[in-house]
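Single-letter residue listing:
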Number of protein chains: 2
Amino acid sequence: MLPVMDANLDLHSIRIVRAIAEHGTISAAARALGYSQPAISQHLRRSEARLGTPLVIRSGRGVRLSEAGQVVARHAVAITSALDAASGDLAELVGLAAGTVRVAAFPTASSTLVPRLLGSMRQRHPGITVGYVEAEPPEAIAMLRDGAVDLAITFAYPGDRSDPHRPADVSLESVPLFTEPVVLAIPDRHALADRHQVALADLAEERWIAGCPLCRGHLLAACEAVGVTPNIELETDNAIAVLTLVAAGLGVALLPQLALATAPVPQGATVRSTTPSSDRSIQLVVQNGSRRVPSIAATIELLEQVDGADWGLARVT
Amino acid sequence: MLPVMDANLDLHSIRIVRAIAEHGTISAAARALGYSQPAISQHLRRSEARLGTPLVIRSGRGVRLSEAGQVVARHAVAITSALDAASGDLAELVGLAAGTVRVAAFPTASSTLVPRLLGSMRQRHPGITVGYVEAEPPEAIAMLRDGAVDLAITFAYPGDRSDPHRPADVSLESVPLFTEPVVLAIPDRHALADRHQVALADLAEERWIAGCPLCRGHLLAACEAVGVTPNIELETDNAIAVLTLVAAGLGVALLPQLALATAPVPQGATVRSTTPSSDRSIQLVVQNGSRRVPSIAATIELLEQVDGADWGLARVT
DNA sequence: CCGGAAGCATAATGCTCAGTTATTGAAAGC
DNA sequence: GCTTTCAATAACTGAGCATTATGCTTCCGG
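Since the model is a prediction, treat every value here as computed from it, not as a measurement.

S.K.: Is there a simple way to think about the domain arrangement of chain A in this case?
M.R.: Size of an interface, as often reported, equals the accessible area lost when the parts are brought together. Domains assigned within chain A are domain 1 (11-94), domain 2 (100-178 + 281-315) and domain 3 (179-279). Relative to domain 3 of chain A, the C-alpha centre of domain 1 of chain A lies at a distance of 74 Å.

S.K.: What's the story with the protein's contact with DNA strand D in this structure? I'm lost.
M.R.: Lining the immediate environment of DNA strand D, one finds 20 residues, of which A:Ser36, B:Ile26, B:Ser27, B:Ser41 and B:Arg58 sit closest. The side chain of A:Ser36 places a nitrogen or oxygen atom 2.4 Å from a phosphate oxygen of DNA strand D. Within the contact set of DNA strand D, a base oxygen lies 3.1 Å away from a side-chain nitrogen or oxygen of A:Gln42. Counting residues per element, the ones that place at least two in the surface near DNA strand D are helix H3 (37-51) of chain A together with helix H2 (26-33) and helix H3 (37-51) of chain B. With five residues, the single largest contributor to the surface near DNA strand D is H3(A). Its residues assigned to classes, the surface near DNA strand D shows six nonpolar, nine polar and five charged.

S.K.: Explanation requested: helix H7 (residues 137-146) of chain A in the structure shown.
M.R.: Every α-helix carries 3.6 residues per turn, so stepping three or four residues along brings you back to the same face. Residue and element names in this part refer to chain A. Among all positions in H7, only Pro137, Ala140, Ile141 and Leu144 are buried. With its buried residues spanning 100° around the axis, H7 presents them on a single face. On the buried face of H7, the contacting elements are strand S3 (100-105), strand S5 (151-156), strand S6 (172-187), helix H8 (213-225) and strand S12 (278-287). Glycine 147, located one to two residues past H7, shows a positive phi value of around 85°.

S.K.: Would you mind going over the pattern of salt bridges with me for this structure?
M.R.: Note on pairing: side chains with opposite charge can pair once their charged atoms come close. Scanning all chains against the criterion turns up 18 salt bridges over all chains. The salt bridge partner of A:Arg50 is A:Asp10, with a shortest N-O separation of 3.2 Å. Placement of A:Arg50 in helix H3 and of A:Asp10 in the segment before helix H1 (11-23) is noted, with a sequence separation of 40 residues between them. When the shortest N-O distance is used, the salt bridge between B:Arg195 and B:Asp202 registers 3.2 Å. B:Arg195 gets classed as partly exposed once you look at its relative accessible area, which sits at 39%. What makes B:Asp202 partly exposed here is its relative accessible area of 40%. Salt bridges sharing partners connect three or more residues here, namely A:Glu173, A:Arg291 and A:Glu304.

S.K.: Can you walk me through the confidence of the model for chain A in this structure?
M.R.: Low pLDDT marks regions whose predicted coordinates should not be analysed in detail. All names here are of chain A. Averaged over every residue, the pLDDT of chain A is 84; the share at 70 or more is 91%. Here strand S13 (residues 314-315) is the element of chain A with the lowest mean pLDDT, 43, and strand S10 (residues 252-256) is the one with the highest, 92. Of the regions scoring below 50 in pLDDT, residues 1-5 engages in nine contacts with residues more than four places distant in sequence or in other chains.

S.K.: Looking at this structure, I do not really get the nonpolar core. What am I missing?
M.R.: General note: in soluble globular proteins, nonpolar side chains tend to be found buried as a group. Ranked by size, the top nonpolar core spans 58 residues in total, and within it A:Ile20 and B:Ile20 carry the most contacts. Not counting chain neighbours up to four residues away, the residues in contact with A:Ile20 comprise A:Thr25, A:Ile26, A:Ala29, A:Leu44, A:Val56, A:Val63 and A:Leu65.

S.K.: What exactly am I supposed to notice about the interface of chain B and chain A here?
M.R.: Listed as interface residues are 46 residues of chain B and, on the opposing side, 44 residues of chain A. Interface area lost by chain B to chain A is led by B:Leu90, B:Val94 and B:Arg292, which between them contribute 15%. Applying the counting criterion to the chain B and chain A interface returns zero salt bridges. The interface formed by chain B and chain A includes four residue pairs in polar contact (both at pLDDT 80 or more). At the level of elements, helix H1 (11-23), H3, strand S1 (56-59), helix H4 (67-94) and helix H11 (294-305) of chain B are the ones that each hand at least two residues to the side of chain B that touches chain A. Residues belonging to the side of chain B that touches chain A are distributed by class as follows: 25 nonpolar, 13 polar and eight charged.

S.K.: Any chance you could explain the protein's contact with DNA strand C here in plain terms?
M.R.: Near DNA strand C lie 20 residues; those nearest to it are A:Ser27, A:Ser41, A:Arg58, B:Ser36 and B:Arg46. With respect to DNA strand C, the side chain of A:Gln37 contributes an N or O atom lying 3.1 Å from a base nitrogen. Contact between DNA strand C and B:Gln42: a base oxygen at 3.0 Å from a side-chain N or O atom of the residue. Broken down by secondary-structure element, the contributors of at least two residues to the surface near DNA strand C are helix H2 (26-33) and H3 of chain A together with H3 of chain B. With five residues, H3(B) is the largest single contributor of residues to the surface near DNA strand C. Of the residues in the surface near DNA strand C, the class split is six nonpolar, nine polar and five charged.

S.K.: Honestly, the relation of the copies chain B and chain A in this entry has me stumped. Any pointers?
M.R.: Applying a rotation about an axis and a shift along it to one chain copy brings it onto the other copy. Mapping chain B onto chain A leaves a residual RMSD of 0.4 Å; the transformation is a rotation of 178° accompanied by 0.2 Å of translation along its axis. Seen this way, the second copy is the image of the first under a two-fold rotation axis. Taking C-alpha positions as reference, the residue of chain B nearest the rotation axis is B:Ile79, located at 2.9 Å. Interface overlap between copies: 93% of the residues of chain B at the interface are likewise at the interface in chain A, consistent with a symmetric, same-surface contact.

S.K.: For this particular structure, what's the right way to read the packing of H2(A) against H3(A)?
M.R.: Packed helix pairs are characterised by how far apart their axes lie and by the angle those axes make with each other. All names here are of chain A. One way to put it is that H2 packs onto H3 with a least axis distance of 8 Å and a crossing angle of 110°. On the basis of the axis angle, H2 is roughly perpendicular to H3. The chirality of how H2 crosses H3 is right-handed. Here H2 contributes Ile26, Ser27, Ala30 and Leu33 to the contact with H3, which in turn contributes Gln37, Ile40, Ser41 and Leu44. Its residues assigned to classes, the contact of H2 with H3 shows five nonpolar, three polar and no charged.

Definitions and limits used
Residues numbered from 1 in each chain as written. Chains lettered and ligands numbered in written order. Predicted model: local features only at pLDDT ≥ 70, side-chain atom pairs only at ≥ 80, totals over all residues. Heavy atoms only, no water. Domains from an automatic or database assignment. Near = heavy atom within 4 Å. Polar contact = N/O pair within 3.5 Å; in protein donor to acceptor, adjacent residues only side chain to side chain. Helix = DSSP H or I, 4+ residues; strand = E, 2+ residues; numbered from the N terminus. Nonpolar A, V, L, I, M, F, W, Y, C, P; charged D, E, K, R; others polar. Buried < 20%, exposed > 50% of the residue type's maximum accessible area, 1.4 Å probe, protein only. Arc of directions from axis to C-beta. Contact = heavy atoms within 4.5 Å. Salt bridge = Lys/Arg side-chain N within 4 Å of Asp/Glu carboxyl O. pLDDT = per-residue confidence, 0-100. Core = buried A, V, L, I, M, F, W, Y, C linked by side-chain atoms within 4.5 Å. Buried area = accessible area lost by both parts, 1.4 Å probe. Least-squares fit on C-alpha atoms with pLDDT ≥ 70 in both. Axes fitted to C-alpha atoms, helices over the stretch in contact; angles between N-to-C directions. Parallel < 35°, antiparallel > 145°, perpendicular 65-115°, else oblique. Left-handed = near helix turned anticlockwise from the far one by under 90°.

Structure representation (C-alpha cells):
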C-alpha cells in the first residue's frame, strides 16, 4: 500500500469528474467548464497523482470513468447541490432578497424617521427584516459596539462631548443626515411670545422644563453661552407633556423641531426660534466596514434619502 | 446593487468559516487548520471581496461571524460531510478496502489459475469483489479493450500472429506469467508410446484430435515446421473428452500440460513430450495504466505470485 | 486502404494566487 | 499603566494552473 491518501478532493476535481461523466469526453467537459482541453487533462493528471488512483480510463479516442471516478461522480451531485444551496442563500443575502438589519434610534425618531425607514425598506427590499429598538444615543452607541444592533440613529448638539460623531471612536463610522433647529416652546400669552425670535438671555428668570440628560445638557450649555443659568423646575422626556405644561403657563422649554412633527402644539403654547439659534444634528452610526454588508448598505442608502424637510427641517448639504 | 455575484464559494473559505465558527478567533482557526494567521486573514479578505459581503465582523480583539458567515457555517457541515463521505469511499478504494476487478481467462484457467486467484484475493483483500468470465484469448482481449473486463489471462503460442503480447497493441500491457509445455497424448498401446520423446514427424499418418482454432492453429504450425500435414478427424475443446478419445485409441492430440492438471489421464492413454518441443506462454493482459488502479494492481501482484510449478509447470524467469 | 477529423497527452511558458515571515496597531486583562 | 493576544498589513516566494503549440492515436468515410 504505497500511496498515502492525504491530500483530499478539491472542488475543481469534483466538477471536472462530474463534467466528464456528463459529457463523455475531456474536451467536451473542458468546453462545458470554460477551460482549454489541456487544462482539464493536466488537472486530472495531478488529481490522480494526489489520490493515488486514476479517475478516468483512457479508452480509445475518449475516456470513461474508472471505478474511483464513478465514486466521485456519484458524490459530486450531493456535494455540488449542497454547495449550490449555500451559494443560493448567500446570493439572496447579497442580492438583498434576504437579510436582517437591526436598528436603534432615539425616541423622537421612533415616530418620525423610523416608521418611514421601515416602510421604505418593506417596499424596496421586502426580503430584508428590519429590527428596531428605541434607545437614547449613548445606549444606542453601546449596543452598536456590542453588536446588538447594526445601525444606530443618534443626535448630537454642537460641542457635545459625548457626540458619537467624534473622531476618537475609530471603530465606528457616522454619517450626518440632517440638522434640525432647536426651538423655544413658550406660552402664547407670555410677554415675549409676540417676538419672532426670542433671546435666551431674556429668559434668565423663567422656569424651565427639561428632559433627558442630553437635552438638559444642551440647555445648560446654551444658557451658559449667554451668561445665564436656567432654573429647571420640571423634568420630563415626553414632548407632548412638555408642550402641555408650556400651554398651561408652567414654564418654557427648548425642543428639537422634530419632536413637534408628531406632537401638535396645543392651544396656549407657541413656538419661537431663539437667539442665538441652535441646531442639533441627526446622524446614523454604523460599525466601520458595515457598509459592505449589502443589507446595511441598503438601509443606509434609504436613510440618506430621508429628507429632513419632510418634517419642516433643513437638509444638511 | 453593484456586486456581481459570480465567483462562488470555494472549499477553503467554507472550511475557514467553519473553523472560525468553532474556535471563535482567526488565530485559533488558523492553528486548527494548520496555517499561519495572516493566511486565514488574507483569504477571508479575498473571499469577502469576491462574495461582495463580509463573512466575519471584526469585533474588538476577536471576530464573530456576520450573517453571511453564519449562512456559510450552517451549510458548511452538510458540505464537508458530503465531501468526507466521498473521500471516505475513495480512501476505501485506494486502500483496497473496496473495489471491483473483472477478470477474463481461458477455459483451462477456470479450474486452475482462477480459483487460486479468487481464493488469494478473498483472503488478502476481502473488500475487493472479483468478477470472472471465461473467454478464449481473442474474446478476452476484445472484452479488455471494450472495458468489459479489467484483466485478461491469456495464452499464446510462439509465433502466434494473434498473440496479444505483440507490441503492436500499444494500449494494452501484458505480463508473462509462466510457460507450460505442450505435450502429446497418445494411446499407451501405440507403437511410439514407449519412447520418452516422440517426434512430430513420425506422427504424419496419425488421426488427430484438435480443439479450438487457436490450438488447432498451433498444431498446424508445429507440423508444418517439420514438413507434415496433420489429419484432423475429431474436434473438441474438452480436454477430458480428448483424453478419453485418445484412451479409446481413436487418435492422438497435443494438449497443454495445464489441461492435465484437472483432467486425469485415463487408462489407455499416456503423455509424452514431443520433438521439437513446444511451449505455450500464459500471460496476463491489462489496459495500459491499469496498474495504477489499486485493486487491479493488487490482483496483478497476486497473479505474479502464482507459480506454474503448482501444476507441474516451469516458471518463467 | 488511406486521408481527415476528433480527442488526449506533452512541452514550454507566463502569471496569478496563496502561502510564508516580520511588523504594526488595537483591545482586553492584570 | 503594562503585558498579552489578536487581527491587519507589507513584502517576498513558490507552486499551481492556465495558456498556446504540437504530436500521437483512433475512428470514420471516400
